[in-house]
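Letter by letter, the chains look like this.
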Amino acid sequence: MTRAVLSLGSNLGDRLAHLRAAVAGLGDAVLVVSGVYETPPWGDTDQPAYLNAAVMVADPAATPRDWLDRARAAERAAGRTRDPERRFGPRTLDVDVVAVWDAAGEPVRSDDPELTLPHPRAHLRAFVLRPWIDIEPHGRLPGHGWLTDLLNAEPLAGDALELSPRPDLALESTP
């Protein structure tokens, strides 16, 4: 069994619908979903604001590569196209595999250029860390430390202030 944290983001089209479709597409693998945050664009700032969230997933048969395949399938379903000239450009949906743990609860490490684990820039992104804290308040990013410490470190403390919680937007309906 593997457990993973996935980061979701959308800044084109119906942003909330794209995030909801990604969560729905993960089906029974979803353990918990964070709140939604509106965030300024990161990297390439000439684009609309994002909606971001995090999802904890688990599947007894999934490999780390399976999580990447599921992430890419969700992006394709949302009509995501990749612009090789604009790495951090706008997108209908971005799903990143942030971290994966094996059946024993040990973090999986990978240097594969297609799936580096843990995600090589997660510790620098408030829009990844803050939603992750929602679903795992005492979580740790393998190789980097406690999520709350990372979020409050310079220079992320300033970025964290730019995240706007959107309690009016929910990714899952409650019965």
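Refer to the structure presented above.
Bear in mind that the values here come from a model prediction, so they are computed numbers and not experimental data.

### A word on the nonpolar core
Part 1 of the reasoning: In terms of nonpolar packing, the biggest core is built from 31 residues, with Val55, Val57, Trp67, Val97 and Leu171 touching the most fellow members.
Part 2 of the reasoning: Of all the elements in the fold, those that place two or more residues in this core are β1 (2–10), α1 (15–26), β2 (30–33), β4 (50–59), α2 (64–77), β5 (94–101) and β7 (115–117).
Part 3 of the reasoning: A total of 5 residues in this core trace back to one element, the largest contributor, which is α1.
Part 4 of the reasoning: Filtering out sequence-adjacent residues up to four positions away, Leu171 remains in contact with Leu16, Leu19, Arg20, Val23, Val33, Ser34, Val36 and Ala53.

### What to know about the side chain of Ser110
Part 1 of the reasoning: Assignment of secondary structure puts Ser110 in strand β6 (residues 110–112).
Part 2 of the reasoning: Here the side chain of Ser110 touches Asp112 through a polar contact of 3.2 Å, landing on its backbone nitrogen.
Part 3 of the reasoning: If sequence neighbours within four positions are ignored, Ser110 has contacts with Leu115, Thr116 and Leu117.

### Some thoughts on helix α3 (residues 126–135)
Part 1 of the reasoning: In terms of residue burial, α3 counts as a mostly covered element, since 8 of its 10 residues are buried.
Part 2 of the reasoning: Listed as buried for α3 are Ala126, Phe127, Val128, Leu129, Pro131, Trp132, Ile133 and Ile135.

### Overview of the side chain of Gln47
Part 1 of the reasoning: In this fold, Gln47 is placed in the loop between β3 (37–39) and β4.
Part 2 of the reasoning: In terms of polar contacts, Gln47 uses its side chain to reach the side chain of Asn11, at 2.9 Å.
Part 3 of the reasoning: Polar side-chain contacts of Gln47 include one of 3.1 Å to the side chain of Tyr50.

### Here's the deal with the packing of aromatic side chains
Part 1 of the reasoning: Overall, the coordinates contain 1 aromatic pair when judged by the stated rule.
Part 2 of the reasoning: Arranged with centres 6.3 Å apart and planes meeting at 65 degrees, the rings of Trp101 and Trp132 form a pair that is edge-to-face. Taken together, the positions of Trp101 in strand β5 and Trp132 in helix α3 put the pair 31 residues apart, joining distant regions of the chain.
Part 3 of the reasoning: On the accessibility criterion, Trp132 (0% relative accessible area) is buried.
Part 4 of the reasoning: Sitting over the face of the ring of Trp101, Arg3 holds its NZ or CZ atom 4.2 Å from the ring centroid.
Part 5 of the reasoning: Directly above the aromatic system of Trp67 lies the positively charged group of Arg70, at a separation of 4.6 Å from the ring centroid.

Criteria and thresholds
Residues numbered from 1 in each chain as written. Predicted model: local features only at pLDDT ≥ 70, side-chain atom pairs only at ≥ 80, totals over all residues. Heavy atoms only, no water. Core = buried A, V, L, I, M, F, W, Y, C linked by side-chain atoms within 4.5 Å. Buried < 20%, exposed > 50% of the residue type's maximum accessible area, 1.4 Å probe, protein only. Helix = DSSP H or I, 4+ residues; strand = E, 2+ residues; numbered from the N terminus. Contact = heavy atoms within 4.5 Å. Polar contact = N/O pair within 3.5 Å; in protein donor to acceptor, adjacent residues only side chain to side chain. Phe/Tyr/Trp six-rings, centres within 6.5 Å; stacked < 30°, edge-to-face > 60°. Lys NZ or Arg CZ within 6 Å of the ring centre and 35° of its normal.

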